[in-house]
Amino acid sequence: MAQPLRVQPDPTDPRLTRRVTGLDHTGQAIETSVTVERPLTLYLNGQEIVTMMTILDRPEDLALGYLLNQGMLRRADRVTGVEYDEDLQVVIVRTEAKTDFEAKLRKKTLTSGCAQGTAFGDLMEDFAGVRLPETAQLRTSWLYRLLHRINTLPSLYLEAGAIHGCALCREDQPIVYMEDVGRHNAVDKIAGWMFREHETPEDKIFYTTGRLTSEMVIKTVRMGIPILLSRSGFTAWGVELAREANLTLIGRCKGKRFVALAGEQRLVFDADLAHVPEESAKHWRKNSAEAMGSSDAG
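Residues numbered from 1 in each chain as written. Predicted model: local features only at pLDDT ≥ 70, side-chain atom pairs only at ≥ 80, totals over all residues. Heavy atoms only, no water.

1. A closer look at the pattern of salt bridges
Under the criterion given, the structure shown has 21 salt bridges. A salt bridge links Arg 6 to Glu 199; the shortest N-O distance between them is 3.2 Å. Taken together, the residues span a long stretch of sequence, with Arg 6 in the segment before strand S1 (17-23) and Glu 199 in the loop between helix H6 (183-197) and strand S12 (205-208) at a distance of 193 residues. With a relative accessible area of 48%, Arg 6 lands in the partly exposed category. (Salt bridge = Lys/Arg side-chain N within 4 Å of Asp/Glu carboxyl O. Helix = DSSP H or I, 4+ residues; strand = E, 2+ residues; numbered from the N terminus. Buried < 20%, exposed > 50% of the residue type's maximum accessible area, 1.4 Å probe, protein only.)

Listed below in structure tokens is the structure:
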């Protein structure tokens, strides 16, 4: 039985989507929903770190997760406050220890993530030598139930499109679902939530709608999560890094089909494919509800 999620976006929140008018391919006037993105400037103590484009839900989680995944905050660090000013669109993270990342900020490089996510040159230094534990497993019966449950969640994607989603899961149950205009933002929100809630990563599964790139693999490994799933495909460096860190990497998950290219030893093939249904077209999640011509898709 599916359990209620602890966190998920509200597709009906008027701050997250906007109705706009236009023309369709036949020249007919239409009204449709579009996702609203806004800038959010992140400060760590007194230092400006980055300005991100985001849908501005859960900015505190986004700020904490960004700092964790960029190595500017450690899980052992004491955070004394996270302050969000909606009018100024600023979030300030305060820590007990002093911080100074001026040199590190000069080393930042653009990555392939949409909305220009950033990764810093010394991320790979932290990544080197990490080996995720072998204790986790993924039963294929869990996998198929999990994909169906995630795919049928109410979402901003189905309401307006132009957005990525990520889910933190245990066995066949999604626990937390986050969305944002960039997949790296959605990942960081989950990392920040895990930090605040002291959620352990060893028994978790991470799902993303985005590609399985080096950035996605590095962030999943930094969070300590041993299994990463996606509907999308792989990059060669993403596969190489996953194998190096002993991360189970599974992509092209649609219907009965998936491909595992790293950490295959964690898979337990216990599902009878004859009883696994093919994915319904209305759950393909390639378009918003209105683009598919249905107001109740998903």
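2. Here we look at H6
Over its 15 residues, H6 runs 21 Å from end to end, which matches the ideal 21 Å to within 8%, given 1.5 Å per residue. For H6, the tally of buried residues reaches 13 of 15 residues, placing the bulk of the element in the interior. Note on H6: the residue one or two positions beyond its end, His 198, has a positive phi of about 55°. (Expected span 1.5 Å × (residues − 1).)

3. Some words on the packing of aromatic side chains
Within this structure, the stated rule accounts for 2 aromatic pairs. Residues Phe 258 and Phe 269 carry aromatic rings whose centres are separated by 6.3 Å and whose planes lie at 20° to one another, so their mutual orientation is stacked. Placement of the pair is Phe 258 in strand S15 (residues 257-262) and Phe 269 in the segment after strand S16 (267-268), with a sequence separation of 11 residues. On the basis of relative accessible area, Phe 269 is assigned to the exposed category, the value being 62%. Among the aromatic residues, those joined into a cluster by ring pairs are Tyr 144, Phe 258 and Phe 269. When the ring centre of Trp 142 is taken as reference, the NZ or CZ atom of Arg 139 above it lies at 5.9 Å. (Phe/Tyr/Trp six-rings, centres within 6.5 Å; stacked < 30°, edge-to-face > 60°. Lys NZ or Arg CZ within 6 Å of the ring centre and 35° of its normal.)

4. A word on the pairing of S15
Two elements, strand S14 (residues 248-254) and S15, share 4 bridges in a ladder whose sense is antiparallel. Across the sheet, Lys 254 pairs through a bridge with Arg 257, a residue of S15. Connecting the antiparallel pair S14 and S15 is a turn made up of 2 residues, with Gly 255 showing a positive phi of about 60°. (Pairing = 2+ DSSP bridges.)

5. Things to note about the packing of helix H1 (residues 59-69) against H6
The N-to-C vectors of H1 and H6 enclose an angle of 95°; their axes lie 6 Å apart at closest approach. Put simply, H1 runs roughly perpendicular to H6. Here Asp 61, Leu 62, Leu 64, Gly 65, Tyr 66, Leu 68 and Asn 69 of H1 come into contact with H6, specifically with Asn 185, Val 187, Asp 188, Lys 189, Ala 191, Gly 192, Trp 193, Phe 195 and Arg 196. For the contact of H1 with H6, the residue count by class is 8 nonpolar, 4 polar and 4 charged. (Axes fitted to C-alpha atoms, helices over the stretch in contact; angles between N-to-C directions. Parallel < 35°, antiparallel > 145°, perpendicular 65-115°, else oblique. Contact = heavy atoms within 4.5 Å. Nonpolar A, V, L, I, M, F, W, Y, C, P; charged D, E, K, R; others polar.)

6. Some points on the confidence of the model for the protein chain
Per-residue confidence for the protein chain averages 85 on the pLDDT scale, and 84% of its residues sit at or above 70. Counting contacts from residues 286-298, a segment whose pLDDT is below 50, to residues more than four positions away or on other chains yields 27 contacts. (pLDDT = per-residue confidence, 0-100.)

7. Description of the sheet that holds strand S3 (residues 38-44)
An order of S4-S3-S6-S5 is seen for the 4 strands of this open sheet, with the pairing classed as mixed. Each of the sheet's edge strands pairs with one partner strand only, and the pair in question is strand S4 (47-54) and strand S5 (79-85). Taking the axes of each pair of neighbouring strands and ignoring which way they run, one obtains an average angle of 15° across the sheet. Bridge count between S5 and strand S6 (residues 90-95): 6 bridges; the pairing is antiparallel. Its bridge partner lying in S6, Val 79 is registered against Thr 95.

8. Side note on the packing of H6 against helix H7 (residues 214-223)
Across the interface, H6 lies against H7 with an axial gap of 11 Å and an inter-helix angle of 0°. Relative to H7, H6 is oriented roughly parallel. Residues Arg 183, His 184, Val 187, Asp 188, Ala 191 and Met 194 of H6 pack against Glu 215, Met 216, Lys 219 and Met 223 of H7. The residue makeup of the contact of H6 with H7, split by class, is 5 nonpolar, 1 polar and 4 charged.

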